[in-house]
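Below are the chains, spelled out letter by letter.
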Amino acid sequence: MKSMGASLMATALLLASCSTPKDITYFQDAAAGDIVQAVNTLEVRVKPEDKLSIMVNTPDPALSSLFNLIQVQNRLSQTTSNTKSTGSSSGNSGQTSLYTVDPEGDINFPVLGKLHVAGMTRFQLGQYIEEELKARDLVKDPIVTVEFANTGITVIGEVNSPGRLEFNKDHLTIIDAIAMAGDLNVNGRREDILVLRKETEGSQKAYRINLLDIDALAASPVYYLQQDDVIYVEPNNKVKRSTTPTGETPFTPTFWMSVASFALTIGTLVFSITK
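The text that follows walks through the structure, step by step, so that each part is easy to find. (Residues numbered from 1 in each chain as written. Predicted model: local features only at pLDDT ≥ 70, side-chain atom pairs only at ≥ 80, totals over all residues. Heavy atoms only, no water.)

### A look at helix H4 (residues 122-135)
Residues spaced three or four apart along an α-helix point in a common direction, a consequence of the helix completing one turn every 3.6 residues. Defined as follows: Per the convention used, a helix needs a DSSP run of H or I reaching at least four residues, while a strand needs a run of E reaching at least two, with both numbered from the N terminus. Any helix carries an expected span of 1.5 Å times its number of residues minus one. Under the scheme applied here, a residue whose accessible area is under 20% of the maximum for its type counts as buried, over 50% as exposed, and between as partly exposed, the area being computed with a 1.4 Å probe on protein chains only. This arc describes the spread of directions from the helix axis toward the C-beta atoms. Contact criterion: two residues are considered in contact whenever any of their non-hydrogen atoms come within 4.5 Å of each other.
Across its 14 residues, H4 extends 20 Å between first and last C-alpha, which sits within 8% of the 20 Å expected from 1.5 Å per residue. Three or more residues of H4 are buried, namely Arg-122, Leu-125, Gly-126, Ile-129 and Leu-133. Here the buried residues of H4 occupy an arc of 100° about the axis, which is enough to place them on one side. Across H4 from its buried face, at more than 90 degrees, point the exposed residues Phe-123 and Ala-135. Considering only its buried residues, H4 is in contact with strand E1 (51-57), strand E3 (106-109), strand E4 (113-116) and strand E5 (143-148). The positive-phi residue at the C-terminal boundary of H4 is Asp-137, with phi of around 60°.

Below, the structure is given as structure tokens:
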């Protein structure tokens with residue numbers, strides 16, 4: 001009888017230790033047919049220190065050349081191999097121009113002079129330059145193409161490919177970023193991911209997101225990412241415990257079976273003494 005009780009206790013402990021974790025599966029509240037709508041559709045906007053690719057096209061190639069920084073592009077393209085470029089790979093093609101946004105949010109544009117561009121989307125900036133060119137009677141029908149040349153985020157922690165990631169989308173979600181980083185590994189905390197976002201004057205604001213709850217995720221201000229966001233995936237408790245001297249010992253089946261055996265021995269001894 002005592003032997004049977006010990007076996008049952010050991011079996012129960014073993015089954016408990018082998019139970020399926022509940023914090024691994026993404027979007028646990030999502031059911032078939034559910035419609036998930038992001039609360040805030042955030043677009044990437046120009047910020048100080050951004051590098052912008054701006055291409056002005058006109059029917060007259062000579063006129064177009066007045067507004068395109070071809071030589072600057074040739075020099076910078078050799079040191080920005082990870083940036084997004086709309087031009088060809090040939091440095092002599094002159095299909096991409098790079099402008100650095102100064103701390104005040106301005107760029108120096110040929111002929112037009114200083115333009116305040118901070119806070120604009122790339123489409124708004126293209127339209128703004130087109131209107132300025134036409135308003136000043138410089139070009140009749142310009143076509144202006146704008147791309148971000150250094151739009152990147154940083155993903156660190158418990159992901160399979162941490163590092164700096166460049167992207168070329170106007171709407172990059174946190175899910176896109178995690179996929180680009182090779183997904184979370186099994187030790188990453190899915191329910192409490194930290195996102196740091198640059199604010200004014202170099203400060204950063206911290207946000208927490210939960211990949212287990214798809215509705216809460218869609219409602220987060222950082223569901224859509226901006227350039228220079230930092231994503232940190234914390235290790236789970238198992239990894240944290242493994243850094244202690246005793247490690248995972250108190251949480252293994254062998255440990256609990258030993259405890260159960262010891263408790264049964266003590267119980268048997270007490271029963272024998274009091275019999």
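From this point, the discussion proceeds with the structure in view.
### Thoughts on the pattern of salt bridges
Pairing is possible between side chains of opposite charge, provided their charged atoms come close. The criterion, for reference: Any Lys or Arg side-chain nitrogen located within 4 Å of an Asp or Glu carboxyl oxygen qualifies as a salt bridge.
The final tally for this structure, using the stated rule, is 12 salt bridges. Glu-147 is the partner of Arg-122 in a salt bridge, and the nearest nitrogen-oxygen pair spans 3.4 Å. Within this pair, whereas Arg-122 is found in helix H4, its partner Glu-147 is found in strand E5, the two being separated by 25 residues in sequence. We note that Arg-122, like Glu-147, is buried.

### Regarding the pairing of strand E6 (residues 152-157)
The following threshold applies: At least two bridges found by DSSP between two strands are what make those strands a pair.
Taken together, the four bridges between E6 and strand E7 (residues 163-166) define a ladder with antiparallel strand orientation. From the neighbouring strand, Ile-153 faces E7, where its bridge partner is Leu-165. Between E6 and E7, which follow one another and run antiparallel, lie five residues. When E6 meets strand E10 (residues 230-233), the two strands line up parallel, connected through four bridges.

### So, the sheet that holds E10
Heads up, the rule is: Axis angles are defined between N-to-C directions and span 0 to 180 degrees, where every axis is a line fitted to C-alpha atoms and, for a helix, only to the segment in contact.
Reading across from one edge, E7-E6-E10-E8-E9 is the order of the five strands in this open sheet, with mixed pairing throughout. Each end of this open sheet is capped by a strand with a single partner; those strands are E7 and strand E9 (204-209). Ignoring which end each strand starts from, the neighbouring axes of this sheet average 25° apart. Here strand E8 (residues 193-198) runs beside E9; their pairing, made up of six bridges, is antiparallel. The residue bridging Leu-196 from the neighbouring strand is Ala-206, located in E9.

### Thoughts on the packing of aromatic side chains
Both the distance between ring centres and the angle between the ring planes are used here to describe each pair of aromatic rings. As a reminder, the rule being used: What counts as a ring pair is set by centres within 6.5 Å for rings of Phe, Tyr and Trp (its six-membered ring), and what kind of pair is set by the plane angle: stacked under 30 degrees, edge-to-face over 60, tilted for all other angles.
One pass over the full model with this rule turns up four aromatic pairs. Relative to Phe-27, the ring of Tyr-26 has its centre 5.8 Å away and its plane inclined at 50°; by these criteria the two rings are tilted. Residue classification places Phe-27 among the partly exposed residues on the basis of a relative accessible area of 25%. Judged by centre distance (5.1 Å) and plane angle (80°), the rings of Tyr-223 and Tyr-224 are edge-to-face. A relative accessible area of 19% means that Tyr-223 is categorised as buried. A residue is classified by how much of its surface remains accessible, and Tyr-224, at 14% relative accessible area, is buried. Site record: aromatic cluster; members linked through ring pairs are Phe-67, Tyr-99 and Phe-109.

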